[in-house]
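Next come the chains, spelled out residue by residue.
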Amino acid sequence: MHQPDRVMLREVAPRDGLQNEPPVPTGDKIRLIDALSRTGLSRIEAVSFVSPKAVPQMADAAEVWAAVEKHSGISYSALAPNRKGVERALDAGFTAVEVVVSASETHNRANIGRSVAESLAELPDICALARERLASVEVIIATSFGCPFEGDIAPAQVARIVAAAEAAGAGRVAFGDTTGMGTPRRVTDLLDAVQAGTDLPMLMHFHDTRGTALANLLTALDRGVVEFDASVGGIGGCPFAPGASGNVATEEVVHMLHDMGVETGVDLDALIRTAGLAQEIVGRPLESGVLRAGPRTSLSPRP
Ligand code: COA
Ligand code: ZN
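These numbers were taken from a predicted model, which means no experiment stands behind them. (Residues numbered from 1 in each chain as written. Chains lettered and ligands numbered in written order. Predicted model: local features only at pLDDT ≥ 70, side-chain atom pairs only at ≥ 80, totals over all residues. Heavy atoms only, no water.)

1. Notes on the packing of helix H9 (residues 213–222) against helix H10 (residues 250–260)
Two elements in contact, H9 and H10, have axes separated by 11 Å at closest approach and are oriented at 45°. As the angle between them shows, H9 and H10 are arranged oblique. Viewed along their axes, H9 and H10 form a crossing whose handedness is right-handed. Together, Leu214, Leu217, Leu218 and Leu221 of H9 and Glu252, Val253, Met256, Leu257 and Met260 of H10 make up the contact between the two elements. (Axes fitted to C-alpha atoms, helices over the stretch in contact; angles between N-to-C directions. Helix = DSSP H or I, 4+ residues; strand = E, 2+ residues; numbered from the N terminus. Parallel < 35°, antiparallel > 145°, perpendicular 65-115°, else oblique. Left-handed = near helix turned anticlockwise from the far one by under 90°. Contact = heavy atoms within 4.5 Å.)

2. Concerning the pattern of salt bridges
The tally for this structure, following the rule as stated, stands at 21 salt bridges. Across the pair arginine 15 and aspartate 16 runs a salt bridge whose closest N-O atoms are separated by 3.7 Å. Relative accessible area serves as the criterion here: at 2%, aspartate 16 is assigned to the buried category. Note that arginine 38 is salt-bridged to glutamate 69, the shortest N-O span being 3.0 Å. Separated by 31 residues along the polypeptide, arginine 38 in the loop between helix H2 (26–37) and strand E2 (43–48) and glutamate 69 in the loop between helix H3 (61–67) and strand E3 (75–80) bring together distant segments of the chain. For glutamate 69, a relative accessible area of 33% puts it in the partly exposed group. Bridged by salt links that share partners, the residues Arg10, Arg43, Glu98, Glu138, Arg172, Glu227 and Asp229 form one connected network. (Salt bridge = Lys/Arg side-chain N within 4 Å of Asp/Glu carboxyl O. Buried < 20%, exposed > 50% of the residue type's maximum accessible area, 1.4 Å probe, protein only.)

3. Some words on the UniProt feature "domain: Pyruvate carboxyltransferase" (unreviewed entry) in the chain
In the numbering used here, UniProt assigns the "domain: Pyruvate carboxyltransferase" (unreviewed entry) feature to residues 7–272. For residues 7–272, the helix share is 41%, the strand share is 17%, and the end-to-end C-alpha distance is 18 Å. (UniProt positions renumbered as here; feature names shortened; annotations may be inferred.)

4. A word on the sheet that holds strand E5 (residues 136–142)
In spatial order, the strands read E1-E2-E3-E4-E5-E6-E7-E8; together these eight strands close into a barrel with parallel pairing. Pairwise comparison of adjacent strand axes, ignoring direction, gives a mean angle of 25° for this sheet. Of the pairings in the sheet, the one linking strand E1 (residues 8–11) to strand E8 (residues 227–230) comprises four bridges and is parallel in character. When the bridges of E8 are listed, glutamate 11 appears paired with alanine 230. The sheet contacts of helix H6 (residues 116–132) involve strand E4 (96–102) and E5, and relative to E4 the element is tilted by about 170°. (Pairing = 2+ DSSP bridges.)

5. Here's the deal with the coordination of the zinc ion (ligand 2)
On the protein side, the zinc ion (ligand 2) has Asp16 (OD), His205 (NE2) and His207 (NE2) as donor atoms, found 1.9 to 2.1 Å from it. Mapped onto the sequence, the residues coordinating the zinc ion (ligand 2) show the spacing D-x188-H-x1-H. The two residues histidine 205 and histidine 207 agree in class, both being buried. (Donors = N, O, S within 2.8 Å, 3.2 Å for Na, K, Ca; no water.)

6. A short note on the site of ligand 1
What surrounds ligand 1 is a group of 17 residues, the closest being Ser51, Asn82, Lys84, Arg88 and Asn111. Interatomic distance of 3.1 Å between a side-chain N/O atom of lysine 53 and an oxygen atom of ligand 1. Residue glycine 85 places a main-chain N or O atom 3.2 Å away from a nitrogen atom belonging to ligand 1. When isolated, ligand 1 has an accessible area of 920 Å², and the protein chains bury 63% of it. Contributing elements (two or more residues each) for the shell around ligand 1: helix H4 (83–92) and helix H5 (105–112). Top contributing element to the shell around ligand 1 by residue count: H4, with three residues. Residues of the shell around ligand 1, tallied by class, amount to eight nonpolar, five polar and four charged. (Near = heavy atom within 4 Å. Polar contact = N/O pair within 3.5 Å; in protein donor to acceptor, adjacent residues only side chain to side chain. Areas by Shrake-Rupley, 256 points an atom, 1.4 Å probe, with all protein chains shown as cover. Nonpolar A, V, L, I, M, F, W, Y, C, P; charged D, E, K, R; others polar.)

Pasting the structure below:
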């Protein structure tokens, strides 16, 4: 198996995680982001700038961002569904934005109220605006591995969106497995369809809805992908996709990669403590195995 020396992880619990929980106080969001900033993570998706009617959980995005500690070695980003969201993110001071569009027509309508073509038509203008403001744009392609309404999504459809993102001037593409429909076979099929056609850096965003997230990650790693999203405690999900559940847990990814000799820059103990904080904030037991059991080297007293 091909194995890189280092993998770049982006933490998405403050956005993907908290958008899918009953609203938590602004102060808790700030505490979570500040704790994540002290774990060695180099990327954190902090908030999204979306309609407060659609996602009340993110209504305080600008307030959260104004208050968090900004560490110089960390790239903080914000997700946006449209030009208005990108403008709000840039005005708030973000220099990295992620624009989300779904590969599935039905999910794009459910999530952001318009067609895929309408989303793509706005991209060149968004990229030009970001360039003027010295910010980078990543296009996140949701439902890349399947749609809860439409079923399988043709990898060629995803490749078409990658081409549109590249033509528009985006600097990176991310493939979102919004409802955990990905499997190693689907990851391989997708990469077969997109890898030859673009020079853009690629990131994968796996949900562990059906227990395949780590297998998917290893499959992508073997194919040369070195950037992944993950969420402490495994919280996460899309409010506009039935059956969506948690992201792959960051501490599970770090735990596995470090044991394989793949560096992440993250302090696993600090990360597990932060997953505990996330659990306290959302107020329910989280499913992450590494949070519950600790690292594989944590021993019990001998009987
Ligand atoms: N942030 C805040 N408000 C926004 C906005 C944004 N990015 N984009 C649009 N709005 C406002 C409009 O100004 C308008 O406000 P008004 O009612 O006061 O005039 C209102 O929202 C409706 O605008 P419209 O263009 O008709 O959008 P819509 O109602 O069809 O909603 C989205 C479209 C994209 C704004 C909404 O579906 C959304 O925010 N989706 C995000 C979903 C999400 O976060 N999913 C999970 C992450 S992938
Ligand atoms: Zn997600």
